[in-house]
Amino acid sequence: MTFLPAERELTIGFAHAAYQMQDEFATRGRAAKSFEVRSLDELRERAPEADVLVVSGLWRNDLLPRLPKLRFIQSISAGTDQFDKAALAQAGVRLASAQGGNERAVAEHAMSLILALARQLHFGRDNQTARHWRPMIGDRARREDELGGKTLVIVGLGRIGLRLAKLASAFDMHVIGVRRNPEAHPHVQEIVRPDRLAEVVAQADFVALTCPLTPETEGLIDARILGAMKPSAYLVNVARGKVVDEEALLGALAGGGIAGAGLDCFHDEPLPSASPFWRMPQVIVTPHSAGETRLYESNVVDILLDNLDRLARGDTDLRNGLV
């Protein structure tokens, strides 16, 4: 007995509020039937039809008992902390992430935030909105800066972190990586274990978070780590909001403990309108868009089709397989 029905009998459900996954799938000439939903209510209604779900943010674990046909979930995102992996394993449902589908986009977004903070592009946009031509600055400490010779600490040296290291090296930055496995990499001058995080952030001009959210990384950037950073340093988060203690970060920003931050993710999303982050001029807020790219649907469908073909062959090893 095969793990999935024959392709002509297979039903794939695509569930995302914005991405055009079904349109991309339709260009691939596959025989499987498909449907697409844009909301949780629609997903609850249609999901029982699916043998395969392609989903990320709309997933809820209470759906699982209601999905007797479901055999495989292809996450649309690299992050999969929303899935109860033990429950999926018990139900015999396989799970794979979209890791690698947006590694270039996220790394480039992180580098963009680093550049924007160094060159004060956020202040330039504020001045543009106010139609204010800022005069030349006499105080050296308040001027735009250059990246050459600056130290970047990257927390999490997976695909995104290593690609960011490569980009940073092109700007002549000194890169220190933080990871459990201190294996050397040509674009990283030094790699340390997480127990040395406070030591290396004290050297950093920029600290970039590219790590997954795990029990070990939740709240990793707390008051102690922020307190170890230089007042002139910046924090860039393209990982997950809960990697950072937000109250501690707000305190560090308000009190001048660090110079500013580029933040793509938060504990609560969408970021509430009352959040102080919106009102901080030294903070650049982006709406968890680091992974967005015009190529994203194509990249995720590539991973999906690879995994469907593996399952059809009876392979147990999935691309980015987790369950």
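As shown above, the structure is provided for reference.
Here is what the cut-offs are and how they apply
Residues numbered from 1 in each chain as written. Predicted model: local features only at pLDDT ≥ 70, side-chain atom pairs only at ≥ 80, totals over all residues. Heavy atoms only, no water. Pairing = 2+ DSSP bridges. Helix = DSSP H or I, 4+ residues; strand = E, 2+ residues; numbered from the N terminus. Axes fitted to C-alpha atoms, helices over the stretch in contact; angles between N-to-C directions. Salt bridge = Lys/Arg side-chain N within 4 Å of Asp/Glu carboxyl O. Buried < 20%, exposed > 50% of the residue type's maximum accessible area, 1.4 Å probe, protein only. Phe/Tyr/Trp six-rings, centres within 6.5 Å; stacked < 30°, edge-to-face > 60°. Core = buried A, V, L, I, M, F, W, Y, C linked by side-chain atoms within 4.5 Å. Contact = heavy atoms within 4.5 Å. Right-handed = clockwise from strand over helix to strand, strands pointing away.

Peer 1: Provide a residue-level description of the sheet that holds strand 4 (residues 72-75), including the pertinent values.
Peer 2: The five strands lie next to each other as 2-1-3-4-5, forming an open sheet whose pairing is parallel. Edge positions in the sheet fall to strand 2 (33-37) and strand 5 (94-96), since each of these pairs with one other strand and no more. Taking the axes of each pair of neighbouring strands and ignoring which way they run, one obtains an average angle of 15° across the sheet. Pairing analysis gives four bridges linking strand 3 (residues 52-55) to strand 4, with the strands arranged parallel.

Peer 1: Describe the pattern of salt bridges, with residues and values.
Peer 2: Under the definition given, this model contains 18 salt bridges. In this structure, the salt-bridge partner of Asp306 is Arg319, at a minimum N-O distance of 3.5 Å. You can see Asp306 sitting in helix 10 (residues 296-313) and its partner Arg319 sitting in the segment after helix 10, a full 13 residues away along the chain. Of the residues examined, Asp306 reaches a relative accessible area of 22% and is grouped as partly exposed. In the salt-bridge network here, residues are joined through shared partners; they are Glu7, Arg30 and Asp309.

Peer 1: Can you lay out the packing of aromatic side chains for me, pointing to particular residues and giving the numbers?
Peer 2: The full count for this structure, using the stated rule, is five aromatic pairs. Consider the rings of Phe14 and Phe25, whose centres lie 5.5 Å apart with planes at 50°: the pair is tilted. With Phe14 in strand 1 (residues 11-15) and Phe25 in helix 1 (residues 21-26), the pair connects residues that are eleven residues apart, well separated along the chain. Across the pair, exposure class does not vary: Phe14 and Phe25 are buried alike.

Peer 1: Go over the nonpolar core, please, and point to the residues and values.
Peer 2: Among the nonpolar cores identified, the biggest contains 35 residues, and Val153, Val207, Leu209, Ile221, Leu235, Leu249 and Phe277 are the most heavily contacted of them. Looking at this core, the elements that each hand over two or more residues are strand 6 (151-155), strand 7 (174-178), helix 7 (197-201), strand 9 (206-209), helix 8 (223-228), helix 9 (246-254) and strand 11 (260-263). For this core, the leading source of residues is helix 9, giving five residues. Ignoring anything within four residues of it in the chain, the contact list for Leu209 reads Val155, Ile221, Leu235, Val236, Asn237, Val238, Ala239, Val243 and Val244. If you look at the next biggest cluster of nonpolar residues, it comprises 28 residues, including Leu147, Ala168, Val175 and Ala290.

Peer 1: For the pairing of strand 11, give the residues involved together with the corresponding values.
Peer 2: The alternating pattern of strand 11 places Gly260 and Gly262 on one face and Ala261 and Leu263 on the opposite face, and all of these are buried. Examined bridge by bridge, strand 10 (residues 234-237) and strand 11 share four bridges and lie parallel to one another. Bridging across to strand 11, Tyr234 finds its partner in Gly260. Viewed along the sheet, the connection from strand 10 through helix 9 into strand 11 turns out right-handed. Where strand 11 meets strand 12 (residues 283-285), three bridges bridge the pair, whose relative direction is parallel. Counterpart to Ala261 in the pairing with strand 12 is Val283.

Peer 1: Provide a residue-level description of the environment of Leu10, including the pertinent values.
Peer 2: Examined against the element boundaries, Leu10 turns out to sit in the segment before strand 1. Relative accessible area serves as the criterion here: at 4%, Leu10 is assigned to the buried category. Along the chain, Leu10 and Asp51 lie 41 residues apart, while their C-alpha atoms are 6.3 Å from each other. Setting aside residues no more than four positions away along its own chain, Leu10 makes contact with Leu4, Pro5, Ala32, Lys33, Asp51, Val52 and Leu308.

Peer 1: Help me get a handle on the sheet that holds strand 6, residues and values and all.
Peer 2: Taken together, the seven strands give an open sheet; going across it, the order is 8-7-6-9-10-11-12, and neighbouring strands pair in parallel fashion. Edge positions in the sheet fall to strand 8 (190-192) and strand 12, since each of these pairs with one other strand and no more. Taken pair by pair, the neighbouring strands of this sheet meet at an average axis angle of 15°, ignoring direction. Of the strand pairs in this sheet, strand 9 and strand 10 are connected by four bridges, and their pairing is parallel.

Spatial relationships are all this shows, so hold off on functional conclusions.
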